[in-house]
Amino acid sequence: MKPTEEDIIEEQRHLQNVITTFQQYGPYALAANNRRRKDLYSLPYADQQLLEGLGFKDKLIDIDRAIMANEFFIQQMVANPEIFGDDEDMDEDMDANEEEPKGDEKGKGKSSSHSHSHEHGGHSHSHSRPDISNPHSHETPKKRRYRPTDFDMDKLRSTLKQFVRDWSVEGKVERDYCYEPMKEALLQHFSSVPEIQRSKLRVLVPGAGLGRLAYDIARLGFSCQGNEFSHYMLLASYFILNRTKRVNEHSIFPYVHSLSNIPNRDSLLREVKIPDVLPSDIPPDSKFSLVAGDFEEVYGAPDLEDSDEPQAGKWDAVVTCFFMDTAKNVINYLRTIHRILAPGGVWINLGPLLWHWENNTSNDLSIELDLNELKALCCKLGFVLSNERTIDTTYTNNPESMLGYVYHTSFWTATKLEDEQLNRPLVETSNKTEV
Ligand SMILES: C[S@@+](CC[C@H](N)C(=O)[O-])C[C@H]1O[C@@H](n2cnc3c(N)ncnc32)[C@H](O)[C@@H]1O
């Protein structure tokens, strides 16, 4: 379905709000730290002295410094947000009172109708999008700049932690739990294909986050495409994949934003260097791309006759990591995966069931299944699950925090039954999840 003009303007507005969030990080985070300072000064003098004796005030100064280092990094990501051919003037057109769409994944449903790709081919990355110049701009009076909410800032802080997971030495433990079994299963499934011919196999990684799993799969020699719709992730992955000059080029302080459950100062002020590898350091003939857009819209829409890139049966493998529970209606995700898999193709999955849209405040549909129901549904929709197991893993965890979550994730590989192997025809894919 072609995006309407309204969709395009909405997406551009959302992107600009995300960029503004990046731009406002410094003042926002410093103000939050200043609140601590103010509270300190509101204490009786004797109590202030007590805390002074613990070095509390110095700690606040160190936090400011760490925030400023984060700020330096974050500003580089939006210095030239050419990822979508950003229109700087848009910034001024934002109404400070204009709220972002509500909901956990706000603005996302709209973001996908047109896709943008970052191609890794001989290390050049192309970025394209349709012309989205605002036809009404001459009618719109200049408005004030968008004011990021705490929700926006939380997404940005999570993006910093996501960098640790995907692109740091410290993230290796987590990656080994999540990405290694998936890569092993992929190699296992295609063990009869000689390494030299792997580039003929097309692997899709929906919900690619900052792109490390897709990148690692491309490094194994497969043709790999990541798909992602969050502008936070897209801006960040674009920067790390396309703008990195050397290993450990950047320093970030991802754990500096909350003083809760911190055992000591070092764990609060822990510096993480990124990236642990040089992203451009992949074989020149590697085929690696990232496509921006909503998974269902990019891959689930029925292929038109004149379609540039028909999707049905085109993918030899689909690899989903912490992704299936982002669905509003997981039936659509499953149908899409089934439809795009080639005969003999494999779907490799690892993840929990933290349904992202449960209890949303935006009246979005949300179908939450338990694991047994999900697996039964997979079978009904034409998958044969094998290699099932539970893998315990963290997700963007601060390993030194006094609080830690461990997900008991479900892992499986699934192969596709063809329509004729099922007792009934598969229902045609429907793309309409919104009510
Ligand atoms: C929990 S994260 C997992 C990221 C990555 N796979 C990893 O393991 O680190 C889920 C990702 O899926 C993305 N996502 C959610 N719904 C999506 C959709 N409909 N289309 C494309 N990406 C989506 C989110 O923006 C987020 O980056």
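Residues numbered from 1 in each chain as written. Predicted model: local features only at pLDDT ≥ 70, side-chain atom pairs only at ≥ 80, totals over all residues. Heavy atoms only, no water.

1. Examining the overall build of the protein chain
Point 1. The number of helices and strands found in the protein chain is 11 helices and 10 strands.
Point 2. For the protein chain, with 435 residues in total, the buried portion stands at 51%.
Point 3. Once local pairs closer than 6 in sequence are excluded, the contacts in the protein chain between residues at least 24 apart make up 79%. (Helix = DSSP H or I, 4+ residues; strand = E, 2+ residues; numbered from the N terminus. Buried < 20%, exposed > 50% of the residue type's maximum accessible area, 1.4 Å probe, protein only. Contact = heavy atoms within 4.5 Å.)

2. Here we look at the pattern of salt bridges
Two side chains of opposite charge can pair, provided their charged atoms sit close to one another.
Point 1. Per the counting criterion, the structure on display carries 19 salt bridges.
Point 2. Put simply, Asp-39 and Arg-35 hold a salt bridge, and the shortest N to O gap is 2.7 Å. Linking Asp-39 with Arg-35, this pair stays in helix H1 (residues 5–41), spanning four residues, or about one helical turn.
Point 3. Judged by relative accessible area, Asp-39 falls into the partly exposed class, the value being 38%.
Point 4. A salt bridge links Arg-157 to Asp-154; the shortest N-O distance between them is 3.4 Å. In this pair, Arg-157 and Asp-154 both sit in helix H4 (residues 150–167), three residues apart, roughly one turn of the helix. (Salt bridge = Lys/Arg side-chain N within 4 Å of Asp/Glu carboxyl O.)

3. Some details on the site of the ligand
Point 1. What surrounds the ligand is a group of 19 residues, the closest being Arg-165, Gly-207, Glu-228, Phe-295 and Cys-321.
Point 2. Take Tyr-179: an N or O atom from its side chain is 3.2 Å from an oxygen atom of the ligand.
Point 3. Protein chains bury 92% of the 600 Å² of accessible surface belonging to the ligand in isolation.
Point 4. Elements supplying a minimum of two residues to the shell around the ligand: H4 and strand S3 (223–228). (Near = heavy atom within 4 Å. Polar contact = N/O pair within 3.5 Å; in protein donor to acceptor, adjacent residues only side chain to side chain. Areas by Shrake-Rupley, 256 points an atom, 1.4 Å probe, with all protein chains shown as cover.)

4. Comments concerning helix H3 (residues 56–77)
Point 1. Over its 22 residues, H3 runs 32 Å from end to end, which matches the ideal 32 Å to within 8%, given 1.5 Å per residue.
Point 2. Considered for burial, the residues of H3 that qualify are Lys-59, Leu-60, Ile-63, Asp-64, Ala-66, Ile-67, Asn-70, Phe-73, Ile-74 and Met-77.
Point 3. In the core, the buried residues of H3 are packed alongside H1, H4, helix H7 (231–243), strand S4 (250–252), helix H8 (265–268) and strand S5 (272–274). (Expected span 1.5 Å × (residues − 1).)

5. Topic: the nonpolar core
Point 1. If you look at the biggest cluster of nonpolar residues, it comprises 67 residues, and the most contacted ones within it are Phe-22, Phe-73, Phe-163, Trp-167, Leu-186, Ile-217 and Val-319.
Point 2. Not counting residues up to four positions away in its chain, the partners in contact with Phe-73 are Leu-160, Phe-163, Phe-239, His-250, Ser-251, Ile-252 and Ile-274. (Core = buried A, V, L, I, M, F, W, Y, C linked by side-chain atoms within 4.5 Å.)

6. Structural notes on H1
Point 1. Taking 1.5 Å as the rise per residue, H1 with 37 residues should run 54 Å; its terminal C-alpha atoms sit 52 Å apart, in good agreement.
Point 2. When the local axis directions of H1 are compared, the greatest deviation, roughly 50°, occurs at Gln-24, which is followed within four positions by the proline Pro-27. (Bend = angle between axes of the 7 residues up to and from the residue.)

7. Some remarks on the confidence of the model for the protein chain
Point 1. Confidence along the protein chain averages 86 in pLDDT terms, with 81% of residues attaining 70 or more.
Point 2. Here residues 86–140 is modelled with pLDDT under 50, and outside its nearest four sequence neighbours on either side it reaches 153 contacts, counting other chains as well.
Point 3. Taken as a whole, residues 424–435 scores under 50 in pLDDT and shows 28 contacts with residues more than four places along the chain or in a different chain. (pLDDT = per-residue confidence, 0-100.)

8. Considering unusual backbone geometry
Point 1. For the bond from Ile-274 to Pro-275, the omega torsion is -10°, close enough to zero to count as cis.
Point 2. Within the secondary structure layout, Pro-275 lies in the loop between S5 and strand S6 (288–292).
Point 3. Positioned with a positive phi, Phe-322 is a non-glycine residue whose angle comes to about 50°.
Point 4. If you trace the backbone, Phe-322 turns up in the loop between strand S7 (315–321) and helix H10 (330–340).
Point 5. With a relative accessible area of 13%, Phe-322 lands in the buried category.
Point 6. Backbone geometry at Asn-363 places phi at a positive 60°, although glycine is not the residue there.
Point 7. In this fold, Asn-363 is placed in the loop between strand S8 (341–351) and helix H11 (371–380).
Point 8. With a relative accessible area of 70%, Asn-363 lands in the exposed category.

9. Regarding the packing of aromatic side chains
Point 1. Tallied over the full model, the rule gives 15 aromatic pairs.
Point 2. Their ring planes at 70° and their centres at 5.8 Å tell us that Phe-73 and Phe-239 sit as a pair that is edge-to-face. Linking Phe-73 in helix H3 with Phe-239 in helix H7, this pair joins segments that are 166 residues apart in sequence.
Point 3. Phe-73 sits in the buried class, given a relative accessible area of 1%.
Point 4. On the accessibility criterion, Phe-239 (6% relative accessible area) is buried.
Point 5. Between Trp-347 and Phe-383 the ring centres are 5.0 Å apart and the planes differ by 55°, which places this aromatic pair in the tilted class. Separated by 36 residues along the polypeptide, Trp-347 in strand S8 and Phe-383 in strand S9 (residues 383–393) bring together distant segments of the chain. Across the pair, exposure class does not vary: Trp-347 and Phe-383 are buried alike.
Point 6. Through a chain of ring-to-ring contacts, the aromatic side chains of Phe-295, Tyr-299, Trp-315, Phe-323 and Tyr-333 assemble into a single cluster.
Point 7. Seen from the ring of Trp-315, Arg-202 lies directly overhead, with NZ or CZ sitting 4.1 Å from the centre.
Point 8. Geometry around Phe-411 places Arg-389 over its ring, the cationic atom sitting 4.4 Å from the centre. (Phe/Tyr/Trp six-rings, centres within 6.5 Å; stacked < 30°, edge-to-face > 60°. Lys NZ or Arg CZ within 6 Å of the ring centre and 35° of its normal.)

10. A word on the state of the cysteines
Point 1. Evaluation of the coordinates by the stated rule reveals zero disulfides.
Point 2. The closest cysteine sulfur to the non-disulfide-bonded Cys-321 is located on Cys-178, 4.8 Å from its own sulfur. (Disulfide = S-S within 2.5 Å.)

11. A short note on the environment of Cys-224
Point 1. Mapped onto the elements of the fold, Cys-224 is located in strand S3.
Point 2. Sequence separation of Cys-224 and Trp-315 is 91 residues, and the distance between their C-alpha atoms is 9.7 Å.

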